[in-house]
Amino acid sequence: MHRFHVPPGTANHAEVTLSPEESHHALRVLRLAPGDAVTLLDGAGVEARGAVNAVEKRAVKIAVRERIVHPPLPCALTLFQALPKGRLMESIVEKATELGATRIVPLLTERTISRPDEEHATSKLEKWRTTALEAVKQCGNPWLPRIEAPVNFAEQLRRKEHFDLALVASLHPGARPLRAVFDELRARGPGRPATVAVWVGPEGDFTPQEIAALVHGGVQPITLGRLVLRCDTATVATLALVMGEAAS
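Attention in this report is confined to the structure presented alongside it. (Residues numbered from 1 in each chain as written. Predicted model: local features only at pLDDT ≥ 70, side-chain atom pairs only at ≥ 80, totals over all residues. Heavy atoms only, no water.)

So, helix α6 (residues 208–216)
To be explicit about the condition: Think of it in three bands: with a 1.4 Å probe and only protein chains considered, a residue is buried below 20% of the maximum accessible area for its type, exposed above 50%, and partly exposed in between. Helical segments are the DSSP runs of H or I of at least four residues, strand segments are the runs of E of at least two, and each set is numbered from the N terminus. The arc in question is formed by the directions pointing from the helix axis toward the C-beta atoms.
The set of residues buried in α6 consists of E210, I211 and L214. Axial view of α6: buried residues confined to an arc of 100°, hence all on one face. Of the exposed residues in α6, the ones pointing more than 90 degrees away from its buried face are Q209 and H216. Backbone geometry just downstream of α6 places G218 in the positive-phi region, at approximately 95°.

This is the structure in structure tokens:
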């Protein structure tokens, strides 16, 4: 079934008009016609199922027949991702969205090579948000992650955000397996972490000074094994492991 994004609250209506962009995709690419079944996702947990009710020159109207309100995912996961080279961030945003990240914060670290100026940062942010939007439609995730503008590593630390559990994928000595961290957490008492932060470094990893700053702030280093992973592979592996542990 074809999926389309609508603004939060819109799916509560009996009839929904798709945005010009979504209408164009429905008409010109998918060539939908009245009666064709579709699903609407509002990015805030509501999934509406219905069918094309009317097709106008530049607008598609959907008759809503059923609504499903999805509960939040097992934990609200924030990804602090060092900005990689090239277009890798688009792939990271896509995969993080598919894996259920709630929020994605691009970081500018000591070893970050790609440092877009203000104009390019705005363009990239729009592209990342579009990528996340396409990802939720592709995988059926009813929750659209919030993607923020790139922030300096030190500035993010100064914000002193609180998380029930904060982790950093690290190549530095002292990193523990993720299972050991969760076993220790469970031993303290019942209940899952409601909020989790995952920090992933750039090519070459975080510097020892950055790792020390994270550890000082309560972030626990975890290892992904003996092999050195690309930053995008490390992100996917870490998020998949964290969401699996948080759901168990």
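The rest of the description comes next.
Some remarks on empty space enclosed by the protein
Spelled out, the test is: Note on definitions: the grid is 1 Å and covers protein atoms alone; a cavity is a set of points where a 1.4 Å probe fits but cannot get out; a pocket is an open set with protein on both sides within 12 Å along at least five of seven lines; lining residues have an atom within 4 Å of a point. Grid points are joined across faces, edges and corners, and a volume is the space filled by probe spheres set on the points. By the convention adopted, Pro, Cys, Tyr, Trp, Phe, Met, Ile, Leu, Val and Ala count as nonpolar, Lys, Arg, Asp and Glu as charged, and the other residues, Gly among them, as polar.
For the structure on display, the rule yields one cavity of 30 Å³ or more. Taken as a whole, the largest cavity holds about 30 Å³ of empty space. Surrounding the largest cavity, I92, K95, A96, L99, D232, T235, V236 and L239 form its lining. At the level of elements, α2 (88–98) and α7 (231–247) are the ones that each hand at least two residues to the lining of the largest cavity. Among the elements that line the lining of the largest cavity, the one with the most residues is α7, at four residues. For the lining of the largest cavity, a count of residues per class yields five nonpolar, one polar and two charged.

Comments concerning the layout of surface pockets
In this approach the atoms are scanned with a rolling probe the size of a water molecule, which exposes any empty space left behind. Empty space within the largest pocket amounts to approximately 380 Å³. Lining the largest pocket we find 21 residues, and of these E161, A166, G217, G218 and V219 sit closest to its centre. Residue assignment for the lining of the largest pocket shows that the elements contributing at least two residues are α4 (153–158), β10 (165–169), β12 (195–200) and α6. Sort the elements by how many residues they give to the lining of the largest pocket and α6 lands first, with three residues. For the lining of the largest pocket, the class distribution of residues is eleven nonpolar, six polar and four charged. Considering the residues around the second largest pocket, the lining is formed by 22 residues, among which L171, L229, R230, C231 and A234 are closest to the centre. Elements supplying a minimum of two residues to the lining of the second largest pocket: β13 (220–223) and α7. Counting residues per element, the lining of the second largest pocket draws most heavily on α7, which supplies three residues. The residue inventory of the lining of the second largest pocket, partitioned by class, reads twelve nonpolar, five polar and five charged.

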